[in-house]
Amino acid sequence: MAVNKRNQNKRSNILVITEALLIAYMGYISHFILTQIGMSPNVAVEKLIINVGMLTVSILLCSLSVGLYEAKLRETFRGIIRRIFVSVGLSYFLVEVLSRAFFDDLVMDSYFLPASVSSIIITLVVFRYFTNRLGLLGLGKVRILVLGAGERASIIEKRMRRDVDRIGFELVGFIPIPGDNREDGIKKEKIIHLKVDESFQQFIADNEIEEIVIACDQRRGTLPVEVLFDCRLRGIEVTELLDFMERETGQIVVNLMYPSWVIYSNGFQSQNYLRDALDYTLNAILAFFIFLFVWPIMLVTALIIYCDDGRRTGVSVFYKQERVGLNGKLFKIIKFRSMRPDAEKDGAKWASQNDDRVTRIGHFIRKYRVDELPQLLNVFKGEMAFIGPRPERPQFVEQLVREVPYYNQRHNVKPGLAGWAQLNYPYGASVEDSMEKLKFDLYYVKHQSLLLDILILIRTVEIVLFGKGR
C-alpha cells in the first residue's frame, strides 16, 4: 500500500477513535453530573457501559452515513455543524427506539439521553473546529515529486487545484522529461529543471521526497529506469499517474487509460455464479426490509400523483422506461412518474436539473429520490442491484459508446439504485457529464466489493437527508 494511503487511513482511524473516546467520555460525564445534582439515580456500572456503548456506536455509524469521516469532505464549517446535528439527532432516535423496543430493562432515566446528546454535540463541534480550522490530526503530508510536465502531468494541475484535493500530500514540483508536450502541459505549478541522473538521488534526499509519480508523455527511451529502480530499493514509492489519480480522486481517468494498464492492474473481477447468487439474495432481502418501511411513503406518493394530474389525464402513476442492464441486456425500469405525460412527444431527451417537463410533485420526489422507490421491484426481479452504475437509455448508450472510450465496460456489473458516481459527481445530463461519471463507474467496476457497497449504501443516506443529486 502506498505511503500516502497509509497516512490517509491513519488520519481517519485517529479521528474515529478520538471522537469515539470523546463521545463515550461525555456520556459518562453527563450521567455523573446528573447523579451529583440529584436528577438521576446511580445505576450499575454494566448498565451504564451498555448505554454509553450503544450511543457511541450509533453516533459513529450515523456520522459515517452523513459523510463526516470522508477523507475529502468538501464542506464549510457551518455544513459540518449541520451534519453533526443530523448524525447525533439520528442516533438519539435510534437509541431511544431500539432500547425501549428491545432492551427496556436497560433503559436509563429520562434525563440521560438528552443531557448526553447535548454535551456530545457541543464537544464534537468544538473538536471539529480545532481539527479543521487549526489543522490538527494532519500527521504530516506525504511529499511527492512528479516526473513529467506535459499534457499527462497537467491532469494533476487541472483536477487537483484546491487544497482539499491535496489534503494527503504536498506537491514539491514537476520535472520536465524529454518528449513532454509543453504547450498543453503545466502552466501554474512549480517546474523544477533538473537532470534525472546521479544528482537526482541527492535532490530526493535533500527534499525528503517520499513518492515519485510517473506522468511523462513518452516513456520509451526517456524514462530513467535505473534511477527509479534505485529509488524504489531505497523505499521511495514509484506510482504511475493513473494509479495516483485513482487513489486520490476515487476515479479512473478514462482519457489517459491504455490497454497494458488495464491488463496488469488489480481488480476487474470476473463474474462468478455463486457470488452472483449470493449478491441477488442479499439484494432481495435488503429490498424486502426496505419495502416494509417505505410502502406507506410509496402509497401516499402514488395517491398524490394520481390526484395531481393522473386522474385528469388518465395516465398511470408509474413510469416504465427501457434501460441497458448487465452485459447490455435491456429491461424496463419502474419509477414514479415525475414528468408530464407528453414529456417526450418530440423523442428522447436528456433530463436537466431544472427541467420544465417535471411536474409540481415531480420536483419534490426527485430531490429526495422517492421516485426511485418502485425500482425495488427491479431488484426483486434481478435486473438491478442496490449499488451499481445508474442504467442509461439505449438511445443514449448508442451515442455514448461512439463518443466515450470504454463506456461499454460499465455494463460488466448490474446497474444500481445508488452508485459511486452519484456520491462523487453532481447532477449532469450530457456526453461530457457521462464521461466524468464513467470515471467513477469504472472505479466501482474495478474495486467492486461488499465493503465498498456498504460504504456507498451508508453514504447514500447523506444524499437523501440533504436532498442532493437528482
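What counts, and where the lines are drawn
- Residues numbered from 1 in each chain as written.
- Predicted model: local features only at pLDDT ≥ 70, side-chain atom pairs only at ≥ 80, totals over all residues.
- Heavy atoms only, no water.
- Helix = DSSP H or I, 4+ residues; strand = E, 2+ residues; numbered from the N terminus.
- Buried < 20%, exposed > 50% of the residue type's maximum accessible area, 1.4 Å probe, protein only.
- Contact = heavy atoms within 4.5 Å.
- Areas by Shrake-Rupley, 256 points an atom, 1.4 Å probe, with all protein chains shown as cover.
- Patch = residues over 30% accessible without salt bridge, like charges linked within 9 Å, V, L, I, M, F, W, Y side chains within 5 Å.
- Salt bridge = Lys/Arg side-chain N within 4 Å of Asp/Glu carboxyl O.
- UniProt positions renumbered as here; feature names shortened; annotations may be inferred.
- Pairing = 2+ DSSP bridges.
- Axes fitted to C-alpha atoms, helices over the stretch in contact; angles between N-to-C directions.
- Arc of directions from axis to C-beta.
- Core = buried A, V, L, I, M, F, W, Y, C linked by side-chain atoms within 4.5 Å.
- Domains from an automatic or database assignment.
- Phe/Tyr/Trp six-rings, centres within 6.5 Å; stacked < 30°, edge-to-face > 60°.

Glancing now at the overall build of the chain. Tallying secondary structure elements over the chain gives 16 helices and 8 strands in all. A burial count over the chain gives 48% of its 470 residues as buried. Look at the contacts in the chain between residues 6 or more apart in sequence, and 75% of them connect residues 24 or more apart. On the chain, roughly 24500 Å² of surface is accessible, and the fraction owed to carbon and sulfur atoms is 59%.

A cluster of nonpolar residues, Tyr25, Tyr28, Phe32, Ile33, Ile37, Met39 and Tyr111, forms a patch on the protein surface that exposes about 720 Å² of accessible area. Its location among the elements puts Met39 in the loop between helix H1 (3–36) and helix H2 (45–65). Judged by relative accessible area, which is 37%, Met39 ranks as partly exposed.

When the UniProt feature table is mapped onto this chain numbering, "transmembrane region" (unreviewed entry) sits at residues 12–33, 48–68, 80–99, 111–131 and 280–306. This span, residues 48–68, is 86% helix and 0% strand, and a straight line between its end C-alpha atoms measures 27 Å. The span residues 111–131 is 95% helix and 0% strand, and its two end C-alpha atoms sit 30 Å from each other.

The pairing of strands in a sheet happens through backbone hydrogen bonds and is either parallel or antiparallel. One open sheet accounts for 4 strands, arranged S2-S1-S3-S4; its pairing is parallel. The open sheet terminates on both sides in strands that have one partner only, identified here as strand S2 (169–175) and strand S4 (237–240). Strand-to-strand, the axes of this sheet are offset by a mean angle of 25 degrees, without reference to chain direction. Two elements, strand S1 (residues 142–147) and S2, share 6 bridges in a ladder whose sense is parallel. The partner of Arg143 across the bridge, within S2, is Glu170.

Turning next to helix H11 (residues 360–367). For H11, every residue scored as buried is listed here: Ile361, Gly362, Ile365 and Arg366. The buried residues of H11 occupy one face: seen down the axis, they fall within an arc of 130 degrees. Remark: Arg369 follows H11 within two positions and exhibits a positive phi of approximately 65 degrees.

What follows is about the pairing of strand S3 (residues 211–214). Both faces of S3 are covered, namely the face carrying Glu211 and Val213 and the face carrying Ile212 and Ile214. With 4 bridges joining them, S1 and S3 adopt parallel strand pairing. Its bridge partner lying in S3, Val146 is registered against Val213.

Core analysis: the largest hydrophobic core is formed by 64 residues, its most contacted members being Val146, Ile156, Phe174, Leu241, Phe244, Met245 and Trp420. A domain-level breakdown of this core finds at least three residues from each of domain 2 (142–249) and domain 3 (273–344 + 351–466). Apart from the residues within four sequence positions on either side, Phe244 is in contact with Ile144, Ile156, Met160, Phe169, Glu211, Val213 and Thr239. Judged by nonpolar contacts, the second largest core, of 25 residues, contains Leu15, Leu48, Val95 and Leu124.

Counted by the stated rule, this structure contains 5 aromatic pairs. With centroids separated by 6.4 Å and ring planes inclined at 25 degrees, the aromatic side chains of Tyr28 and Phe32 adopt a geometry described as stacked. On the criterion of helical spacing, the pair formed by Tyr28 and Phe32 is a turn pair, its members being 4 residues apart in helix H1. Judged by centre distance (5.4 Å) and plane angle (70 degrees), the ring pair of Phe169 and Phe244 falls under edge-to-face. Of the two residues, Phe169 is situated in strand S2 and Phe244 in helix H8 (residues 241–249); the sequence distance between them amounts to 75 residues. Each of the two residues, Phe169 as well as Phe244, counts as buried.

Attention shifts here to helix H13 (residues 394–403). Along H13, the residues that are buried comprise Pro394, Phe396, Val397 and Leu400. End-on, the buried residues of H13 take up no more than an arc of 145 degrees, which puts them together on one face. In H13, the exposed positions that point more than 90 degrees away from the buried face belong to Glu398 and Arg402. For H13, the elements touching its buried residues are strand S5 (318–324), strand S6 (330–336) and helix H15 (431–447).

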